[in-house]
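What follows is the residue order along each chain.
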Amino acid sequence: MSVPDYDLEAVDLLQQLIRNACVNQGTVESGHEVRSVDLLEQYLGTTGLELERFEPQPGRASLLARIEGTDPTAPTLLLMGHTDVVPVNPDGWSRDPFSGDFEDGVVWGRGAIDMLNITASQAVAFRRLAESGFKPRGTLAYLAVADEEALGTWGAHWLVDHEWDFVSADYVLTETGGFQLPSPGGPRLPVMVGEKGTYWTKLHVHGTPGHGSQPHRTDNALVKAAEVVLRIDRYRPQAQIGEVWRRHVEAMDYPAELREAFLDPDHIRAICDELPIGLGRLAYSCTHTTFAPTVAHGGTKTNVIPDHVELEVDIRTLPGQTGDEARALLLDALGDLADYVDIESNDDGSTESPIDTPMWDALSRVTARMVKDSALVPFLMVGGTDNRFFRRAGSVGYGFALFSERLAFEDFSSMFHGNDERVDAESLGLTEQLWRAVAEEMLT
Ligand SMILES: [Zn+2]
């Protein structure tokens, strides 16, 4: 296969972004996204456009570029990518995670899927449009943001709160989606139109201190906490078939039996247990409030019966679900143990954009031309992205990109924050073409 030039340009930019290793440890001193902002500023500097830098904390830089539209009443489309990546344990990798190796048409490294691939292809598309003299009616903006992997505190969240005049947009495209889901009628391309909320919770489990040499009939907080963890892990709330899930299933051409099971709140759990693990997990998460016990701290000394254990639970809420509803489910899971537990939660609700919008129509037209027999399907993101800040501020935000057939869905989902993250150059090229075509479709 011959690789067109633009693929190599996106490959090269992606390699450099990977090598910058903007690893976000969740601390304000980490990330160092300024390295990739310097790179992108240089890369986009050739367009002659004015570039805007934001740096709310030393090193936590973001970059904005705009091609101003000629008609102030026409919409603004924002292409947004984050430049930070999550930490990596090199033991599980077959290559150096920050080498940016390019071999057999594949780029390797932390961020190759989440989401430096998109950040790079958006920049390439933006520069190519700018250099071609693109004069749209509406405004095209490109935003490379810091700190997505730690709640957007010094990136998108900060920019929406403090620099809305600069970053405001009617439409936002960011991660992720667009991996090809095979169906009898042709590939289906998921568009992330909404995302679940987080209801991160700390549980303080209380007991009574005592001497470790006499454990009989003591009130041991660690033993209670073990039971709390088990109850939460085994808890299965009632499934909820939401609008996005229903429209997704209806658009997927599933065999009738599977479709019925997917849309039946009393049968979907059994199906999730039988499907291939990646799809089963995802289908479950799209239709249930999920509870994952993830952190435990407790005990002080081998010979002391502990009186306090702290647990953390990652709870994800469905569209339309309130924090109070999530708390009620948690109490249901704890049962009589709730009396021994104090609950502290942080409610960051789900967000959704409408499905029937001009951006949906533009993506439909463009992808129908680019991927044979394909059709878009709405999907719910089960993790969080920077889209939530823009949706809350009034933008229509979708997660989308395009990936080649080379990338199987199971591989795709396991590479997020996982080992051996990599992307093929064909996917990079497809995505770059997508951004240009959508900008032309929506803004001219
Ligand atoms: Zn990401």
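Everything below is about the structure shown above.
Now for a look at the structure at hand. (Residues numbered from 1 in each chain as written. Predicted model: local features only at pLDDT ≥ 70, side-chain atom pairs only at ≥ 80, totals over all residues. Heavy atoms only, no water.)

The secondary structure content of the chain amounts to 15 helices and 18 strands. For the chain, whose C-alpha radius of gyration is 23 Å, the value lies close to the compact-globule estimate of 22 Å for 444 residues. Each of the 444 residues in the chain was classed as buried or not, and the buried ones make up 53%. In the chain, of all internal contacts separated by at least 6 residues, the share reaching a separation of at least 24 is 79%. (Helix = DSSP H or I, 4+ residues; strand = E, 2+ residues; numbered from the N terminus. Rg over C-alpha atoms; globule rule 2.2 N^0.38 Å. Buried < 20%, exposed > 50% of the residue type's maximum accessible area, 1.4 Å probe, protein only. Contact = heavy atoms within 4.5 Å.)

What follows covers the layout of surface pockets. Volume-wise, the second largest pocket comes out at about 260 Å³. Considering the residues around the second largest pocket, the lining is formed by 20 residues, among which Leu 181, Pro 182, Met 252, Tyr 254 and Leu 279 are closest to the centre. Looking at the lining of the second largest pocket, the elements that each hand over two or more residues are α7 (243-251), α10 (277-287) and α14 (409-415). When residues in the lining of the second largest pocket are grouped by element, the largest group, three residues, is from α10. (1 Å grid on protein atoms, 1.4 Å probe; cavity = no way out; pocket = protein on both sides within 12 Å on 5 of 7 lines; lining within 4 Å. Points joined across faces, edges and corners; volume = space filled by probe spheres on them.)

Bringing the packing of helix α3 (residues 116-131) against helix α15 (residues 425-443) into the picture now. The geometry of a pair of packed helices is captured by two quantities: the angle between their axes and the separation between those axes. Here α3 crosses α15 at 50°, and the two axes come no closer than 8 Å. The angle between α3 and α15 falls in the class oblique. Our pair here, α3 against α15, has a crossing hand that is right-handed. Between α3 and α15, the residues in contact are Asn 117, Ile 118, Ser 121, Gln 122, Val 124, Ala 125, Arg 128 and Leu 129 and Leu 428, Thr 431, Glu 432, Trp 435, Arg 436, Ala 439 and Glu 440, respectively. Taken together, the residues of the contact of α3 with α15 sort by class into seven nonpolar, four polar and four charged. (Axes fitted to C-alpha atoms, helices over the stretch in contact; angles between N-to-C directions. Parallel < 35°, antiparallel > 145°, perpendicular 65-115°, else oblique. Left-handed = near helix turned anticlockwise from the far one by under 90°. Nonpolar A, V, L, I, M, F, W, Y, C, P; charged D, E, K, R; others polar.)

Strand order in the open sheet formed by four strands is β11-β13-β9-β14, with antiparallel pairing between adjacent strands. In the strand order of this sheet, the two ends are held by β11 (290-298) and β14 (341-348), each with one partner. Neighbour-to-neighbour, the strand axes of this sheet turn through a mean angle of 20°, independent of strand direction. Inspection of the sheet shows strand β9 (residues 197-206) paired to strand β13 (residues 308-317) by eight bridges, in the antiparallel sense. Bridge pairing in β13 links Thr 201 to Val 313. Each of β9, β11, β13 and β14 is contacted by helix α6 (residues 221-234), which is oriented at about 10° to β13, the strand it contacts most. (Pairing = 2+ DSSP bridges.)

Next up on the list: the side chain of Ser 183. Locating Ser 183 in the fold gives a position in the loop between β7 (171-174) and β8 (188-195). The contacts of Ser 183, once residues within four sequence positions are left out, are Arg 188, Met 252 and Asp 253.

As enumerated under the stated definition, the model contains zero disulfides in all. Here Cys 272 stays unpaired: no disulfide links it, and the sulfur of Cys 286, its closest cysteine neighbor, is 9.0 Å away. (Disulfide = S-S within 2.5 Å.)

Moving on to the packing of helix α2 (residues 34-45) against α3. The contact between α2 and α3 brings their axes to 10 Å, and the two run at 25°. Classified by the angle between their axes, α2 and α3 sit roughly parallel to one another. Viewed along their axes, α2 and α3 form a crossing whose handedness is right-handed. Along the contact surface, α2 presents Leu 40, Tyr 43 and Leu 44, while α3 presents Ala 123, Val 124, Phe 126 and Arg 127. The residue inventory of the contact of α2 with α3, partitioned by class, reads six nonpolar, no polar and one charged.

With that out of the way, let us pick up the coordination of the zinc ion. For the zinc ion, every protein donor is listed as His 82 (NE2), Asp 114 (OD), Glu 175 (OE) and Glu 175 (OE), and the spread of their distances is 1.9 to 2.5 Å. Given four donor atoms and angles of 55 to 149° at the metal, the environment of the zinc ion is assigned as irregular. Accessibility expressed as a relative area gives 5% for Asp 114, which makes it buried. (Donors = N, O, S within 2.8 Å, 3.2 Å for Na, K, Ca; no water. Tetrahedral: all angles 85-135°; square planar, octahedral: opposite > 155°, others 65-115°.)

In total, this model carries 29 salt bridges according to the counting rule given. A salt bridge links Arg 60 to Asp 147; the shortest N-O distance between them is 3.0 Å. One end of the pair, Arg 60, is in the loop between β1 (51-54) and β2 (62-67); the other, Asp 147, is in the loop between β6 (139-145) and α4 (156-162), with 87 residues separating them in the sequence. Residue Arg 60 is classed as buried on the basis of its relative accessible area of 1%. With a relative accessible area of 2%, Asp 147 lands in the buried category. Here Asp 373 makes a salt bridge to Lys 372, at a shortest N to O gap of 3.4 Å. By sharing partners, the salt bridges in this structure join Glu 9, Arg 127, Arg 128, Glu 432 and Arg 436 into a single network. (Salt bridge = Lys/Arg side-chain N within 4 Å of Asp/Glu carboxyl O.)

Time to look at the packing of aromatic side chains. Two descriptors summarise a pair of aromatic rings, namely the distance from one centre to the other and the angle between the planes of the rings. Going through the model one piece at a time under the given rule, you end up with seven aromatic pairs. Here the aromatic rings of Trp 164 and Phe 390 are separated by 5.9 Å at their centres, their planes lie at 45°, and the arrangement is tilted. Note that Trp 164 is positioned in helix α5 (residues 164-167) and Phe 390 in helix α13 (residues 387-392), a separation of 226 residues in sequence. Of the residues examined, Trp 164 reaches a relative accessible area of 27% and is grouped as partly exposed. Relative accessible area serves as the criterion here: at 0%, Phe 390 is assigned to the buried category. In this structure an aromatic cluster arises from ring pairing among Trp 245, Tyr 254 and Phe 262. The cationic tip of Arg 95 hangs over the ring face of Trp 108; the distance from NZ or CZ to the ring centre is 4.5 Å. Taking the ring centre of Tyr 43 as reference, the NZ or CZ of Arg 127 above it sits at 4.0 Å. (Phe/Tyr/Trp six-rings, centres within 6.5 Å; stacked < 30°, edge-to-face > 60°. Lys NZ or Arg CZ within 6 Å of the ring centre and 35° of its normal.)

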